[in-house]
Amino acid sequence: MAQHGSTVTELVGVYHADGGPVGEAKYVFGKLLGTAHCALCDITHSPVRRKPAWDAMVDRLAVPVTLVHLNEMTADVARAVADFGSPVVLGHSADGLVEVLSPEDLEALDGSVDEFEAALGAALERVSAG
């Protein structure tokens, strides 16, 4: 994992759900039944599609954002998720991966894209400052 004080060059958001038709259907039914929850999903998606506010926020960022499901992670991201949990936002830097927003951070944002953007800005400043 990266040491603090590194500049983040890319963000990876990891959902707390599997992707693909089966994984997404399982999540939707679980959400309806109250057995599945993903704070990052609540931030990026409305009940039926990705939020336009999310796309606009991503366009404003100085770093690219990739969103992946648990069954789509690269090996390095999977190792970080094993350490930090999911959902999570990780940052790639020259030194490796660092946690930018924790599962608890994401939960506290209550599905708000605006609050995510503010929290992300503050977190990136902390990571860069060390």
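Residues numbered from 1 in each chain as written. Predicted model: local features only at pLDDT ≥ 70, side-chain atom pairs only at ≥ 80, totals over all residues. Heavy atoms only, no water.

Engineer: Any details on the packing of helix H3 (residues 52-60) against helix H6 (residues 113-129)? Residues and values, ideally.
Structural biologist: It is the contact of H3 with H6, at a shortest axis distance of 10 Å, that shows an interaxial angle of 25 degrees. One way to sum up the angle between H3 and H6 is to call them roughly parallel. Between H3 and H6 lies a crossing whose hand is right-handed. Taking contact as the criterion, the partners of Ala53, Trp54, Met57 and Arg60 in H3 are, on H6, Val113, Phe116 and Glu117. Within the contact of H3 with H6, the residues separate by chemical class into 5 nonpolar, no polar and 2 charged. (Axes fitted to C-alpha atoms, helices over the stretch in contact; angles between N-to-C directions. Helix = DSSP H or I, 4+ residues; strand = E, 2+ residues; numbered from the N terminus. Parallel < 35°, antiparallel > 145°, perpendicular 65-115°, else oblique. Left-handed = near helix turned anticlockwise from the far one by under 90°. Contact = heavy atoms within 4.5 Å. Nonpolar A, V, L, I, M, F, W, Y, C, P; charged D, E, K, R; others polar.)

Engineer: Which residues make up the pattern of salt bridges, and what are the values?
Structural biologist: Pairing is possible between side chains that carry opposite charge, provided their charged atoms lie close to one another. The final tally for this structure, using the stated rule, is 2 salt bridges. One salt bridge in this structure joins Arg50 and Asp55, with 2.7 Å as the shortest N-O distance. According to the relative accessible area criterion, Asp55 is partly exposed, its value standing at 30%. One salt bridge connects Glu117 with Arg60, and the closest N-O pair in it is separated by 2.7 Å. Taken together, the residues span a long stretch of sequence, with Glu117 in helix H6 and Arg60 in helix H3 at a distance of 57 residues. Take Glu117: its relative accessible area is 24%, and that puts it in the partly exposed class. (Salt bridge = Lys/Arg side-chain N within 4 Å of Asp/Glu carboxyl O. Buried < 20%, exposed > 50% of the residue type's maximum accessible area, 1.4 Å probe, protein only.)

Engineer: A description of the environment of Ala39 should follow, citing residues and the corresponding values.
Structural biologist: By secondary structure assignment, the location of Ala39 is in helix H2 (residues 39-44). Assessed through its relative accessible area of 4%, Ala39 is described here as buried. In this structure, the C-alpha to C-alpha distance between Ala39 and His16, residues 23 residues apart in sequence, is 8.0 Å.

Engineer: With reference to specific residues and values, describe helix H4 (residues 75-84).
Structural biologist: Within H4, the full set of buried residues consists of Val77, Ala80 and Val81. All buried residues of H4 project into a common sector of 100 degrees when viewed along the axis, lining one side. Seen from the open side of H4, the exposed residues pointing more than 90 degrees away from its buried face are Arg79, Ala82 and Asp83. On its buried face, H4 is in contact with strand S1 (10-14), strand S3 (88-93) and strand S4 (96-101). Note on H4: the residue one or two positions beyond its end, Gly85, has a positive phi of about 90 degrees. (Arc of directions from axis to C-beta.)

Engineer: Got a sec to walk through the nonpolar core? Specific residues and values, please.
Structural biologist: By size, the foremost hydrophobic cluster in this structure holds 24 residues, and its most contacted members are Leu11, Ile43, Val89, Val100, Leu101, Leu106 and Phe116. Residue assignment for this core shows that the elements contributing at least two residues are H2, H3, S4 and H6. Among the elements that take part in this core, H6 stands out by supplying 5 residues, more than any other. The contact partners of Val100, leaving out residues within four places of it in the chain, are Leu11, Val89, Leu90, Gly91, Asp105, Leu120, Ala123 and Leu124. Core analysis: the second largest hydrophobic core is formed by 9 residues, Val12, Val68, Val77 and Leu90 among them. (Core = buried A, V, L, I, M, F, W, Y, C linked by side-chain atoms within 4.5 Å.)

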